Amino acid sequence: MRIFSDIEAGGSDGSSVEIADPRERIRTNLAGVGATIALASARGGVGKSMLAVNIAAALATKGRKVAIVDADLNSPSVLAMLGMKPQRRYPMLEGIEPAAGPHGLRVVSSDQLPGGEPPPISFAQDPEDGANGQVPAAPAPTRPAELSYRAAVSRMLAQSQFGSVDLLIIDLASGLDRLSSLASMMTLAGVLLLTHTSTQDTIATRNAMKIIGALGVPVVGIVENMVGFNCDGCRAVRPLWPEGDLHGIAHEANVPILGRLAFEPRLADSTDHGVLFVREYASTPTGKVLAEIANQLETIVAARTRAVATPAS
Ligand SMILES: Nc1ncnc2c1ncn2[C@@H]1O[C@H](COP(=O)(O)OP(=O)(O)OP(=O)(O)O)[C@@H](O)[C@H]1O
Ligand SMILES: [Mg+2]
């Protein structure tokens, strides 16, 4: 299996750029980024990457400049969901050039790193993750040459040439350890939390909100996905699972629910084929919910950014 540092060593100029102070390097590099939002979930496969590409496309359609970092390094899916083929890009001294996606989207993904076909690449968990005791610590990388997840994402954020963008969306792998890593290296405008509505997902989401709160990152909203199945012959949307009290939990935490998405077979199909549902099926109920989630997210993030820029005296 290839590892990130193998790939870096094979860069076009053979060099690797050392980051003395990663947080400062990331802050400087992202100076042209209006706000950064992370998409996270307590459990896997809930629709983060699908939502990331559709929110990005919805906002791009309105003329916003949007970039996406696929920070699910071991199983990146953003490029495929955008209908893009990975073009191997060599890390350069002057930075990593984001791939140009549909509707002007700029995308950085481990899919683009050079090193030949096929992925996966192995990224180790950082031993220092969970040092605050809230997330279980993972074992240290066992292979000396292995670059940690934190170092890999840090370099993607510190070296990618995004230029001026309104919103940077970071699509995370499931679980909060990755969010903990990310929050330690940069200031996030907030986290958009995705969940299914089952009892177990609801419990996991309640716990996730507590952990995210302890990280000092605001949860800007929750999206409920696959709340029911809208089959061809059904007169009404049928529930997919016994539902937990997500609305009660969101209300208690004072976090808005930005949208409820039904299980929509055409969404699964289009996402799988790299077709942007929010564009192709804009007039369907699910298309409208997706666009509305993007609108609300934009409004909330703009309000938060203004509040941070002009603190109450
Ligand atoms: N509302 C929906 N209706 C039908 N299919 C959906 C819906 N939401 C997501 N999917 C499909 O579910 C699958 C999982 O979605 P996705 O990969 O976006 O989840 P994820 O949270 O990013 O997963 P991971 O935790 O592995 O990163 C994909 O095939 C996607 O197209
Ligand atoms: Mg994903």
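Residues numbered from 1 in each chain as written. Chains lettered and ligands numbered in written order. Predicted model: local features only at pLDDT ≥ 70, side-chain atom pairs only at ≥ 80, totals over all residues. Heavy atoms only, no water.

Chemist: Explanation requested: helix α8 (residues 246–253) in the structure shown.
Modeler: Since the α-helix turns once every 3.6 residues, residues separated by three or four places project in the same direction. Listed in full, the buried residues belonging to α8 are Leu246, Ile249 and Ala250. All buried residues of α8 project into a common sector of 95 degrees when viewed along the axis, lining one side. Residues of α8 that are exposed and angled more than 90 degrees away from the buried face: His251 and Glu252. Packing partners of the buried residues in α8 comprise β8 (190–195), α7 (199–215), β9 (219–229) and β11 (257–263). Once α8 ends, the next one or two residues include Asn254, with phi positive near 60 degrees. (Buried < 20%, exposed > 50% of the residue type's maximum accessible area, 1.4 Å probe, protein only. Helix = DSSP H or I, 4+ residues; strand = E, 2+ residues; numbered from the N terminus. Arc of directions from axis to C-beta. Contact = heavy atoms within 4.5 Å.)

Chemist: Honestly, the pattern of salt bridges in this entry has me stumped. Any pointers?
Modeler: Side chains that carry opposite charge are capable of pairing whenever their charged atoms lie near each other. Taken as a whole, this structure holds 7 salt bridges when the rule is applied. Asp201 serves as the salt-bridge partner of Arg43, at 3.1 Å between the closest nitrogen and oxygen. On the criterion of sequence distance, the pair formed by Arg43 in the loop between β2 (33–40) and α3 (48–61) and Asp201 in helix α7 is long-range, its members being 158 residues apart. The exposure class assigned to Arg43 is partly exposed, which follows from its relative accessible area of 37%. Judged by relative accessible area, which is 7%, Asp201 ranks as buried. Arg64 is paired through a salt bridge with Glu298; the nearest N and O atoms lie 2.3 Å apart. (Salt bridge = Lys/Arg side-chain N within 4 Å of Asp/Glu carboxyl O.)

Chemist: Sorry if this is basic, but what is going on with the site of ligand 1 here?
Modeler: Surrounding ligand 1, one finds 18 residues, the nearest of these being Lys48, Met50, Asn225, Ala262 and Glu264. A distance of 2.9 Å is found between an oxygen atom of ligand 1 and a side-chain nitrogen or oxygen belonging to Ser49. Side-chain polar atom of Asp72 to an oxygen atom of ligand 1: 3.4 Å apart, as the coordinates give it. Within the complex, the protein chains bury 81% of what would otherwise be the 630 Å² of accessible surface of ligand 1. Those elements that place two or more of their residues in the shell around ligand 1 are α3, β9, β11 and α9 (265–272). Considering only residue class, the shell around ligand 1 consists of 8 nonpolar, 7 polar and 3 charged. (Near = heavy atom within 4 Å. Polar contact = N/O pair within 3.5 Å; in protein donor to acceptor, adjacent residues only side chain to side chain. Areas by Shrake-Rupley, 256 points an atom, 1.4 Å probe, with all protein chains shown as cover. Nonpolar A, V, L, I, M, F, W, Y, C, P; charged D, E, K, R; others polar.)

Chemist: Can you help me understand the confidence of the model for the protein chain in this one?
Modeler: The predicted structure's coordinates, where accompanied by low pLDDT, should not be read in detail. On average, the protein chain scores 83 in pLDDT, and the residues at 70 or more come to 79%. Low pLDDT, under 50, characterises residues 116–120; the stretch is placed with 10 contacts to residues that sit more than four places away or in other chains. Of the regions scoring below 50 in pLDDT, residues 129–146 engages in 30 contacts with residues more than four places distant in sequence or in other chains. (pLDDT = per-residue confidence, 0-100.)

Chemist: Any chance you could explain unusual backbone geometry here in plain terms?
Modeler: Most peptide bonds take the trans configuration, and most residues that are not glycine carry a negative phi. Here the phi dihedral of His103 falls at roughly 55 degrees; this positive angle occurs in a residue that is not glycine. Residue classification places His103 among the partly exposed positions, given a relative accessible area of 36%.

Chemist: Is there a simple way to think about the pairing of strand β3 (residues 66–70) in this case?
Modeler: Each regular strand shows side chains that alternate between the opposite faces of the sheet. Within β3, 5 of the 5 residues are buried, which leaves the element mostly enclosed by the surrounding structure. Of the two faces of β3, the one holding Val66, Ile68 and Asp70 and the one holding Ala67 and Val69 are both buried throughout. The sheet contact formed by β3 and strand β7 (residues 165–171) spans 5 bridges and is parallel. Following the sheet pairing, Val66 is matched in β7 by Leu167. Across 4 bridges, β3 lies against strand β5 (residues 106–109) in parallel orientation. Opposite Ile68, over in β5, you have Val107 as the bridge partner. (Pairing = 2+ DSSP bridges.)

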